Amino acid sequence: MSERGAETEPGARPDPRRRTPRTDVVLGDPRLQAATDRLGRARVKGAVAEALGRVRDGALDPDDVVDHVVAALPASASSLRSVINATGVVVHTNLGRAPLSSAAVDAVVTAAGHTDVELDLLTGRRGPRGRGALAALAAAVPDAGAVHVVNNGAAALALTACALGAGREVVVARGELVEIGDGFRIPELLESVGVRLHEVGTTNRVHPADYEAAIGARTAFVLKVHPSNFRVEGFTSSVPVEGLAALGVPVVADIGSGLLAPHPRLPDEPDAASTLRAGASVVTASGDKLLGGPQCGLVLGDATLVGQVRRFPLARAMRVDKLTLAALEATLAGPVPPVTAALEQRQDDLLRRARRIAEALDPGLAEAVESAGAVGGGGAPGLALPSAAVALPPLLADGLRTGVPPVMGYVTDGRLLLDLLTVPESRDADLVDAVRRATHPGRG
Ligand SMILES: *Cc1c(COP(=O)(O)O)cnc(C)c1O
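Definitions and limits used
- Residues numbered from 1 in each chain as written.
- Predicted model: local features only at pLDDT ≥ 70, side-chain atom pairs only at ≥ 80, totals over all residues.
- Helix = DSSP H or I, 4+ residues; strand = E, 2+ residues; numbered from the N terminus.
- Rg over C-alpha atoms; globule rule 2.2 N^0.38 Å.
- Buried ≥ 20, exposed ≤ 12 C-beta atoms within 10 Å, placed from the backbone.
- Contact = placed C-beta atoms within 7 Å.
- Core = buried A, V, L, I, M, F, W, Y, C linked by C-beta atoms within 7 Å.
- Domains from an automatic or database assignment.
- Near = placed C-beta within 6 Å.
- Nonpolar A, V, L, I, M, F, W, Y, C, P; charged D, E, K, R; others polar.
- Pairing = 2+ DSSP bridges.
- Axes fitted to C-alpha atoms, helices over the stretch in contact; angles between N-to-C directions.

(A) Spotlight on the overall build of the protein. Each helix and strand counted, the protein has 18 helices and 17 strands in total. Taking 22 Å as the expected radius of gyration for a compact globule of 444 residues, we find that the protein reaches 28 Å, considerably beyond that expectation. If one aligns the C-alpha atoms of the protein with their principal axes, the spans along those axes are about 100 × 60 × 40 Å. A burial count over the protein gives 38% of its 444 residues as buried. Within the protein, contacts between residues separated by at least 24 positions form 74% of all contacts whose residues are at least 6 apart in sequence.

(B) Region of the structure containing the nonpolar core. Judged by nonpolar contacts, the single largest core of 104 residues is most densely connected at Val170, Val283, Leu298, Val299, Leu300, Ala354 and Val390. When residues in this core are grouped by element, the largest group, 9 residues, is from helix α8 (residues 153-165). Inspection of this core shows a minimum of three residues originating in each of domain 2 (84-92 + 341-443) and domain 3 (101-335). Beyond its immediate chain neighbours, meaning those up to four positions away, valine 390 contacts Ala354, Ile357, Ala358, Ala366, Ala368 and Leu418. By size, the runner-up hydrophobic cluster in this structure holds 12 residues, among which are Val44, Val48, Ala51 and Leu52.

(C) Main features of the site of the ligand. Looking at the ligand, there are 13 residues lining it, with Asn152, Gly153, Ala154, Gly256 and Ser286 nearest. Listed by contribution, the elements that provide at least two residues to the shell around the ligand are α8 and β10 (251-256). Sorting elements by how many residues they give to the shell around the ligand places α8 first, with 3 residues. Grouping the constituent residues of the shell around the ligand by class yields 4 nonpolar, 8 polar and 1 charged.

(D) Main features of the environment of arginine 54. When you line up the elements, arginine 54 lands in helix α4 (residues 41-56). According to the C-beta neighbour criterion, arginine 54 is partly exposed, with 15 such atoms within 10 Å. In this structure, arginine 54 is in contact with Ala59 and Leu60, ignoring residues within four places of it in sequence.

(E) Molecular detail of the pairing of β10. The buried fraction of β10 is high, at 6 of 6 residues. By the alternation rule, side chains of β10 split into Val251, Ala253 and Ile255 and Val252, Asp254 and Gly256, which are all buried. Looking at chain direction, β10 and strand β11 (residues 282-286) are connected through 4 bridges and run parallel. Residue pairing for β11: alanine 253 is matched across the bridge by valine 283.

(F) Local environment of the sheet that holds strand β12 (residues 297-301). Across the sheet, which stays open at both edges, the 7 strands sit in the order β4-β12-β11-β10-β9-β5-β8 with mixed pairing between neighbours. Lying at the two open borders of the sheet, with one neighbouring strand each, are β4 (146-150) and β8 (196-200). Along the sheet, successive strands turn relative to each other by an average axial angle of 25 degrees, direction set aside. Direction of pairing for strand β9 (residues 219-225) relative to β10: parallel, over a ladder of 4 bridges. When the bridges of β10 are listed, lysine 224 appears paired with alanine 253. Its contacts with the sheet put helix α7 (residues 131-140) on β4 and β12, and the angle it makes with β4 is roughly 125 degrees. Sitting on the sheet, helix α13 (residues 303-311) touches β4, β11 and β12, and the angle it makes with β4 is about 25 degrees.

(G) Region of interest: the sheet that holds strand β16 (residues 410-412). Spatially, 4 strands are ordered β13-β14-β17-β16 in an open sheet, and the strand pairing comes out antiparallel. Of all strands in the sheet, those with a lone pairing partner are β13 (367-373) and β16, marking the two edges. On average, adjacent strands in this sheet sit at an angle of 45 degrees to one another, irrespective of strand direction. Both β16 and strand β17 (residues 415-419) contribute to a ladder of 3 bridges, which runs antiparallel. By the bridge assignment for β17, valine 411 is matched with leucine 416. Sheet strands touched by helix α16 (residues 347-359): β13 and β14 (385-392). Its angle to β14, the strand with the most contacts, is close to 10 degrees.

Shown next, in the form of structure tokens:
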């Protein structure tokens, strides 16, 4: 500051461009040190170079360089941001499906460093990879003779089909040859790994005799696929796993959502334990839908068949990493994950929270309303989960979605609803702050 005083004469303020600071001097500023720790030196240096270019162009005052760089730099080295899911869709594919429990998050952080994922610390020798996660999964599904984990549900089905059925035939009902989402079609996946589909029945109906007529020397297994994201109503019939198990060939059931045991709120959703007990030889499922864990795929069932799947060479290409194994074990062995907690919410509790939030906002702006949530992610199609929401003017949607933290609600009947089924109560205050900021953008 004294420098400026000494140089400046009335009416003859020096050209600020001549006071352009040196890059290393700017980089030494303590506030940029913190940014360097967070983002790396190259990124911060790039932002400083950009700012100094502006100073030379006369577009930025030299005294504002550090402020400008701090404002221009992102909060973290990853572009993924934490979003408040107020859509009421519990497993929201576009929002990363299942949020992890805090126990699973802790496990991921621990496993992120060097970890004994494949080492027996007692003997110092190589140990079975992910034994803790596999043991937790086996304990959670006692009906399974063996378990295996791969990258995702599609990989679980593809690997199982390939290991048990490559070059042979898989008998499957036409009505179960479904598209799951984003162009992912079960029949194309199966054919791409070299199994031939023998389709039976019609779109709406299939009978045991259809399967019987199709089964022959070339049959590797019968496949049952949970249609997941739609329901067929009216003149329909399908053969349950019990009926398929009586056909004398292995039954592979892709249940989709990864529910391990029956859930009272999801009476029509298949679960691994019941499906195995009904006679399925192998069950495949996702880890990040109703199981509430990390993205992964589960292969559960008959020890001989699951062993064949695990030892099949392609299994190596679908191996899960240590972060997934850590999160899966903590999801299975730890406290109830957020997905399960959301399913257990009571509507009157949610309504009470919605009223409290509405009352904390500008008078007349918000109203607490009853709403209907959904499982999402292809689980329990058509099932409405009784919920409650804060109703707001729809023009707040953009401001909330682009705020920090971003809040995703949904617009229906001319109102923006922030559904609380999928918002942990600990985030209610953040929701109030976010709505206030969206309502009064100027106030910081
Ligand atoms: C979701 C789903 C899959 C795919 O699982 P991903 O984990 O997304 O790969 C496969 N089959 C069914 C029936 C599903 O619902």
